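Each chain, written out:
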Amino acid sequence: MTVYLIRRLMQSALVVLAMTVILFLGVYAIGDPIEILISPDADQIERERAIAALGLDRPLWEQYFTFLGNALQGDLGRSFVFNEPALKLILQKMPATLELALAATVFAIILGLPLGLIAGLKPDAIYSRVIMATSILGFSLPTFWVGLMLIMVFAVQLGWLPSTGRGPTAEFLGVQWSFLTTDGLRYLIMPALNLSLFKISLVIRLTRAGVRETVLMDYVKFARAKGLSPNRVIFVHVLKNILIPVVTVTALEFGSTIAFSVVTESIFAWPGMGKLIIDSIYVLDRPVIVAYLMIIVFMFIILNFTVDVLYSVLDPRVRLQDQKA
Amino acid sequence: MSEQPTIEVRNLRTHFFTKAGVVKAVDDVSFSVGKGRILGLVGESGSGKSVTGFSIMGLVDPPGRVAGGEILFQGRDLAKLSEEEMRKIRGARIAMIFQDPMMTLNPVLRIDTQMIETVLAHDKVSEAEARKRARAALVQVGIPSPDERLKAYPHQFSGGMRQRVAIAIALLHKPELIIADEPTTALDVTIQGQILFEVQKLCRESGTSLIWITHDLSVVAGLADEICVMYASRIVEKGTVDEVLDHPLHPYTRGLIGSVPSRNVRGRPLAQIPGMTPSLLNLPPGCAFRARCPRASEACLVEPEMTAPLPNREVRCFHPHLETVAA
Amino acid sequence: MTPPPAEAAVTSAALAPATAREETPFRRFVADFAESKVAVGAFVVFVVIALLAIFANVIAPQNPYDLAQLDIMDGRMPPGTVGGAGFTYILGTDDQGRDMFSGILFGLRISLMVGAGSAFIAFIVGTSLGLLAAYFGGRTDTLIMRLVDLQLSFPSILVALMILAFLGKGILNVVIAIVVVEWAYYARTVRGTALVERRREYIEAAECLALSKPRIVFRHLLPNCLPPLIVILTMQVARAIALEATLSFLGLGVPVTEPSLGLLIANGYEYMLSGRYWISFYPGIALLVTIVVINLVGDQLRDVLNPRLRK
């Protein structure tokens, strides 16, 4: 197990390293680093000074190690739009995105589980077919379009919910949260629902498949043979077995929820990291772009690592397979 | 004969209405089990013996349902009961033990949860009282250190231990009838023997009636009082265990007995029943065993009825092996 | 109206040998596919959409890219208004006075071209790499499959974002981004199928005949791996169209001068809040219908081409 952990950790470190190379090459080799790293407003003298300061006259591999060294110290460059460290900018925006992603995950579970349960218990009923058809739409429709439709219906036509922005927040544990104020909650609902659409569909499908598989199990029939009430059979014997894979997958999907919040945040003008990166791409604020990508890649690798390790702890078969490979 | 049987099944029909057609999984099955008696329900897989058990429990899932007949449990027709009335009987008055002990206990719930919920499903007692009963049941089936075992998860038990737990669960409410669906098939032979012995003992002690479903004649031989042999959804032969095993009347029963390996026939090739169990979906008219039967004749193109050529013996055949009895 | 059973039996008996004689794999495929009416309907709708896109310049009353034809006075007109040019704006106009119907037809053209084109390039790249991995095994296999794993562990939007952040926007860059996002699916699928197929006798036979490796891989191995790839190709065209639309909506995709559906939707977004829904809504519907029909066709293809489900 320790050997596995260490090897897996080294693999992750390698991936991080590979990503820094890709990002470095992306910024320094494919694009024009001067255009990328120096504000376009700078004059000739400033440019030359910056080129020397950034070491752009050095050979490429030397530049890479400088970049890597700075990155290791948490220095991912300064935004030339805000003139602040890029990392700090992103960390400031992170709580908003995390809140949105968490809310979306909660939505996915509280909507997806019951719907999947219904569709799984009565697979031939008309409402089950409707649920499944909707979940196919949830998979195939572009998120941004659904977001627009939500705004059109609930904000413009019905006027029930505010269309964009984050609204008021309240502080908790030193971070600003929307869900702590009633009004903030109203701002949160639509973006969170929009972001969770894909995940709701996923949870519905997983739950349905799980239910259909589980109800055929002998232990469910045995539970019924014991004279338990149908509710006890469904909510204890069936649901508890499904919960494990569903929760695992939802947790696994958290990273991609954060990545896809780019789209949702742009539609709903939600002030998170996703909106920041899109705005930064518009104005070519490349240090922020690089910092965002580094952070999110790092997050992904940590997430994947955690899930892999958890899996190998839970499932001895995975462990064995990996040892052979 | 004066006493009312614990269970009496009359002309039971359980059909599965599939897209490909109606599958008559149980067709015109009748038998009864008296108080404290043990019935062996014998047949190949797919002969309808398990479905018969589930029909009594009211646990036939769509597209299947009980399409006809009566299931009289102490005089009450179970087929006519509502789902809630049936639930009150399941687990309390009629209990069931399943084939594969590795699959019957829920893997994510502790043993105590699975036992206590069974107690509470039928009796309004405190949880402490329910736990006490669960513990007593474990002791009764011979599980050592029951307190520890109660807190364990199923995967911490061996197959034989799990089947003991399942039996303990079945015994929790001291049911009048236990339906055991091949409960020893998945176990080692030594464990099989122990379980058989204990179930027999428990039934004799408490006067519980038992329906033991199996494909294994040798299991039934030492256990049951009566035997019903099923073939292709129907009972083809019925009688006391000694009579049927010593003097089988139906060619199929004879074939079954012939294919059991024994010391007496060592060195000789085992007798086999040629052919395969027919598909229930398009069963040809007439006797279902016809195609595999050495005695089949023109007459067998007509469906044979259950007849009683001898006292206390019933058989569904035009050409029963009466000569063996005479000899 | 129903014919008596005897007659029906005669008719089908008369027809049966005729169809049996002409049975080809393709005919069987068509017959299997036609079993689902929904899929056939979806296919018809898709053909109509494709034709509309191909003949956009003939059908559209206006060339939406020719600024000279646009009349800024006709901007943001609701559907059904007759414009200065004399024809009716059946789906209204956008802020520049562009006829939405024409805009959608030309937008469809770009969306379909980018979607189908990039999915096809990804198909070629992914399939080639997957075949290489399966046929040569060893280190080639490890290297390619590690890349696939790495690729698939990141969400599509993130990968596309990264590439466009470096390359800047433009149709070609969007295509590159989609190819990078999608190739791994083909590679993984073809490798899986090819690993099974290459153990079959016909590959052994080809090897005994000392055929060249490229010939074995592309003429013998590839055709037998095609069915699952066709299913994936169909689904990935839909995904590519959705991804392109998303990127264009975010302003990272196609240039403003040649708007795809996604960009049309983005253009109308700000007006939607003031109730001028049509600028975003109709391109959105076009996008939605396109994606859904492709997915429906793909679903049925999967059922038909899946050998495990074949009777």
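Residues numbered from 1 in each chain as written. Chains lettered and ligands numbered in written order. Predicted model: local features only at pLDDT ≥ 70, side-chain atom pairs only at ≥ 80, totals over all residues.

Asker: How should the domain arrangement of chain B be read in this particular structure?
Answerer: Residues and elements named next belong to chain B. Along its sequence, chain B is carved into domain 1 (7-93 + 176-324) and domain 2 (103-172). Tallying the contact residues gives 12 residues for domain 1 and 11 residues for domain 2. A per-element tally of the side of domain 1 that touches domain 2 places helix α8 (residues 189-206) first, with 5 residues. Considering only residue class, the side of domain 1 that touches domain 2 consists of 9 nonpolar, 1 polar and 2 charged. (Domains from an automatic or database assignment. Contact = placed C-beta atoms within 7 Å. Helix = DSSP H or I, 4+ residues; strand = E, 2+ residues; numbered from the N terminus. Nonpolar A, V, L, I, M, F, W, Y, C, P; charged D, E, K, R; others polar.)

Asker: Is there a simple way to think about the interface of chain B and chain A in this case?
Answerer: One frequent convention defines the size of an interface as the accessible area lost when the parts assemble. In this complex, chain B contributes 21 residues to the contact, which on the side of chain A involves 16 residues. Of all the secondary-structure elements, those providing two or more residues to the side of chain B that touches chain A are α2 (83-89), α3 (101-104) and α4 (111-122) of chain B. Of all the elements, α4 of chain B adds the most residues to the side of chain B that touches chain A, at 4 residues. Residue classes in the side of chain B that touches chain A are distributed as 11 nonpolar, 5 polar and 5 charged.

Asker: Can you help me understand the environment of V125 of chain B in this one?
Answerer: Residues and elements named next belong to chain B. Inspection of the secondary structure puts V125 in the loop between α4 and α5 (127-140). Distance from V125 to Q74, taken between C-alpha atoms, is 26 Å for residues 51 residues apart in sequence. The contacts of V125, once residues within four sequence positions are left out, are V119 and A130.

Asker: Would you explain the pairing of strand β7 (residues 177-181) of chain B in this entry?
Answerer: A regular strand carries its side chains on alternate faces of the sheet. Residue and element names in this part refer to chain B. Here β7 lies mainly inside the structure; 5 of its 5 residues are buried. Every second residue of β7 is oriented toward a common face, with L177, I179 and D181 on one face and I178 and A180 on the other, all of them buried. In the sheet, β7 pairs with strand β8 (residues 209-214) via 5 bridges, with the strands oriented parallel. The residue of β8 that forms the bridge with I179 is I211. This β-α-β element, β7 to α8 to β8, shows right-handed connectivity. (Buried ≥ 20, exposed ≤ 12 C-beta atoms within 10 Å, placed from the backbone. Pairing = 2+ DSSP bridges. Right-handed = clockwise from strand over helix to strand, strands pointing away.)

Asker: Just to check I follow, could you spell out the sheet that holds strand β11 (residues 307-310) of chain B for this structure?
Answerer: To summarise the sheet geometry, strands pair through backbone hydrogen bonds and adopt either a parallel or an antiparallel arrangement. All names here are of chain B. The strand order β6-β7-β8-β3-β9-β10-β12-β11 describes an open sheet built from 8 strands, whose pairing is mixed. Each having just a single partner strand, β6 (94-97) and β11 make up the two edges of the open sheet. With direction set aside, neighbouring strand axes in the sheet form an average angle of 20°. Sitting on the sheet, helix α1 (residues 49-57) touches β3 (38-42), β6, β7, β8 and β9 (226-231), and the angle it makes with β7 is about 150°. (Axes fitted to C-alpha atoms, helices over the stretch in contact; angles between N-to-C directions.)

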